[in-house]
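Each chain is listed here by its residues.
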Amino acid sequence: MAQRDNNRPMSREEAGRMGGEATAKSHDKEFYQEIGRKGGEATSDSHDREFYQDIGRKGGEATSDSHDKEFYQEIGSKGGKAPHDGGDGKMSREEAGRKGGEARARQRND
């Protein structure tokens, strides 16, 4: 196990933090973008559509558990004000935020 300056064993958490800090000092934004891209490609090669649906559902549930109606109204409002192309058959950000907030409110009232 790695040792601290005072000869006490270093925890895994501390060693990981120190390693992460050292890596961050020696690599730039492009390095992290590249490893992220490679990781994303590897993940998409080894997982199917159901995997992504499952993690999306879990993420949505976690977000729903930790945010209230006002949060969804705010992000819906911001989305509605953000520039978007439109005309592509996709739901606008404003509409998605509004519908999400309404669905969440109905869910909490049931």
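Residues numbered from 1 in each chain as written. Predicted model: local features only at pLDDT ≥ 70, side-chain atom pairs only at ≥ 80, totals over all residues. Heavy atoms only, no water.

Trainee: Got a minute to help me understand the confidence of the model for the protein chain in this structure?
Mentor: Low pLDDT marks regions whose predicted coordinates should not be analysed in detail. Of the residues in the protein chain, 88% have a pLDDT of 70 or more, and the chain-wide mean is 85. Here helix α5 (residues 93-109) stands out as the element of the protein chain with the lowest mean pLDDT, 78, in contrast to helix α1 (residues 12-26), whose mean of 94 is the highest. (pLDDT = per-residue confidence, 0-100. Helix = DSSP H or I, 4+ residues; strand = E, 2+ residues; numbered from the N terminus.)

Trainee: Got a minute to help me understand the environment of serine 46 in this structure?
Mentor: Summarising the element assignment, serine 46 is placed in helix α2 (residues 29-46). Looking at serine 46, its side chain comes within polar contact range of the main-chain oxygen of alanine 42, at 3.1 Å. (Polar contact = N/O pair within 3.5 Å; in protein donor to acceptor, adjacent residues only side chain to side chain.)

Trainee: Would you mind showing me how to read the packing of aromatic side chains here?
Mentor: The way to describe two aromatic rings as a pair is by their centre distance and the angle between their planes. Inspection of every chain in the model, using the stated rule, returns 3 aromatic pairs. Taken together, a centroid distance of 5.1 Å and an interplanar angle of 85 degrees make the contact between phenylalanine 31 and tyrosine 32 edge-to-face. Note on tyrosine 32: relative accessible area 36%, which makes it partly exposed. Aromatic pair phenylalanine 71 and tyrosine 72: ring centres 5.1 Å apart, planes at 85 degrees, arrangement edge-to-face. According to the relative accessible area criterion, phenylalanine 71 is partly exposed, its value standing at 26%. Classification of tyrosine 72 as buried rests on a relative accessible area of 12%. (Phe/Tyr/Trp six-rings, centres within 6.5 Å; stacked < 30°, edge-to-face > 60°. Buried < 20%, exposed > 50% of the residue type's maximum accessible area, 1.4 Å probe, protein only.)

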